[in-house]
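The lines below spell out each chain.
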Amino acid sequence: MNVPVPVLVWCPFPEAGSAKAASRALVEAGLAACANILPAMESVYAWQGAVHEGAEVGVLFKTNADLRERCIERLSELHPYEEPAILGWECPLSLPATMAWLGALKG
Amino acid sequence: MNVPVPVLVWCPFPEAGSAKAASRALVEAGLAACANILPAMESVYAWQGAVHEGAEVGVLFKTNADLRERCIERLSELHPYEEPAILGWECPLSLPATMAWLGALKG
Amino acid sequence: MNVPVPVLVWCPFPEAGSAKAASRALVEAGLAACANILPAMESVYAWQGAVHEGAEVGVLFKTNADLRERCIERLSELHPYEEPAILGWECPLSLPATMAWLGALKG
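Throughout this description, residue numbers start from 1 for each chain and increase along the sequence as written. Here every chain gets a letter starting at A, and every ligand a number starting at 1, in the order they are written. In keeping with the model being predicted, local features are shown solely for residues with a pLDDT of at least 70 and side-chain atom pairs are shown and tallied solely at 80 or more, while totals for entire chains, interfaces and linings include all residues. Based on all heavy atoms of the structure, the side-chain values leave hydrogens and waters out of the count.

A. Just the relation of the copies chain A and chain C, in detail. For the pair chain A and chain C, the relating rotation is 120 degrees, the translation along its axis is 0.0 Å, and the fit reaches an RMSD of 0.0 Å. Each copy turns onto its partner about a three-fold axis. Minimal C-alpha distance to the rotation axis in chain A is attained by A:Pro39, lying at 4.1 Å. Fitting of the copies onto one another was done by least squares over C-alpha atoms, counting residues only where both copies have pLDDT of at least 70.

B. Focus on the packing of helix 1 (residues 16–28) of chain C against helix 2 (residues 68–78) of chain C. Residues and elements named next belong to chain C. Running from N to C, helix 1 and helix 2 cross one another at 145 degrees; their axes reach a closest spacing of 10 Å. Of the two elements, helix 1 crosses helix 2, and the hand of that crossing is right-handed. On the side of helix 1, the interface is formed by Ala-22, Ala-25 and Leu-26, while helix 2 contributes Cys-71, Arg-74, Leu-75 and Leu-78. Each residue gets one label: Ala, Val, Leu, Ile, Met, Phe, Trp, Tyr, Cys and Pro are nonpolar, Asp, Glu, Lys and Arg are charged, and the others, such as Gly, are polar. Across the contact of helix 1 with helix 2, the residue classes break down as six nonpolar, no polar and one charged. A fitted line through C-alpha atoms represents every axis, and for helices the fit uses only the stretch in contact; the resulting angles, taken between N-to-C directions, go from 0 to 180 degrees. Put simply, DSSP H or I for four residues or longer makes a helix, DSSP E for two residues or longer makes a strand, and each gets a number counted from the N terminus. For any helix crossing, the convention is left-handed if the near helix is rotated counterclockwise from the far helix by under a right angle, and right-handed if that rotation is clockwise. Any pair of residues with heavy atoms lying within 4.5 Å of one another is described as a contacting pair.

C. Spotlight on the interface of chain C and chain B. Facing the 27 residues of chain C at the interface are 27 residues of chain B. Buried area: the accessible area, evaluated with a 1.4 Å probe, that two parts lose upon being put together, summed over both parts. The junction of chain C with chain B conceals about 2,200 Å² of combined surface from both sides, 68% of it contributed by carbon and sulfur atoms. Salt-bridge detection follows one rule: a side-chain nitrogen of Lys or Arg within 4 Å of a carboxyl oxygen of Asp or Glu. Inspection of the region where chain C meets chain B yields three salt bridges. Measuring nitrogen to oxygen at the nearest pair gives 2.9 Å for the salt bridge that ties B:Glu53 to C:Lys20. Contacts described as polar in this section are N or O atom pairs within 3.5 Å, which, within protein, must combine one atom able to donate a hydrogen with one able to accept it, while residues neighboring in sequence count only if both atoms come from side chains. At the surface where chain C touches chain B, the tally comes to 14 residue pairs in polar contact (both at pLDDT 80 or more). Counting residues per element, the side of chain C that touches chain B draws most heavily on helix 1 of chain C, at five residues. Class assignment for the residues of the side of chain C that touches chain B results in 18 nonpolar, four polar and five charged. What makes two strands pair is DSSP finding at least two bridges between them. With four bridges connecting them, strand 3 (residues 41–47) of chain B and strand 2 (residues 34–37) of chain C associate as antiparallel partners.

D. Representation of the interface of chain A and chain C within the structure. Facing 27 residues of chain A, the contacting portion of chain C comprises 27 residues. Across the chain A/chain C interface, buried area totals approximately 2,200 Å², and carbon plus sulfur atoms make up 67% of it. Where chain A packs against chain C, one counts three salt bridges. Put simply, C:Glu53 and A:Arg24 hold a salt bridge, and the shortest N to O gap is 2.6 Å. Our enumeration of links across chain A and chain C arrives at 14 residue pairs in polar contact (both at pLDDT 80 or more). Residue assignment for the side of chain A that touches chain C shows that the elements contributing at least two residues are strand 1 (6–13), helix 1 (16–28), strand 2 (34–37), strand 4 (50–64), strand 5 (87–90) and helix 3 (96–103) of chain A. Examining the composition of the side of chain A that touches chain C, we find that five residues originate from one element, helix 1 of chain A, more than from any other. Per-class residue counts for the side of chain A that touches chain C are 18 nonpolar, four polar and five charged.

Listed below in structure tokens is the structure:
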């Protein structure tokens, strides 16, 4: 049986509360196996023609290549921003046990 | 029209001041759409034959595949280290709205 | 001479002490050139059929494609968890000087 490639997804949130709620929802739904919610960070970003600064909370989600579209879609539904920044990439160089853990996600 | 693939670039700085200045410069220049400046971290690293420890501030820049070379080059010019560690990778598994946002970068 | 592609490896630890010890061991062994130990984060994760929450410390290791298997293997031996989550990916869009620095790793 082919184990799907692990995927990491990076997504900043406006604050820890919404980050934690979305993390719980995705893990409980089996669309991510883990969410690492980092401590508050500062963001500098371009939006609607101007440069802004603000505090955000970054989250790194662990999922797999088969579930990534549904994971990203559900994450954007759960997210408080109209247009959240959600970036995902494959992690083929992972520990076999990690690949099995993420591959077992039911979603 | 082909939207370029989103790219994330990871780069540690010696402290928050230079990290913020470089972040603003790259976003204002249209070479990155966003910079996430993480809180202080500890680094253990090999340099000139010895192992060192020190505090650093890590930044995650969001750009796209068409601009990444110019973004990385400008980042290394802005950076206070003689030889900054700059690592970039493509994020093809991203939300379409995120790809459009990063794809619109003029650079 | 072909310089191997840089690789980043993300791995959460239960706390800073074991994260620092593993970081020093991998850098001293020449299996990683640098370890960025981020400040404490919160993790939400699925394990043995239940959803758990807990504090962790994330580390981002810099190595190269030729050493990544031995780096990941040694990391899992050093790690206090029975089954650590270890995810690695290639970073081909890096500064040439960074590629040379990581390419020089002896391992």
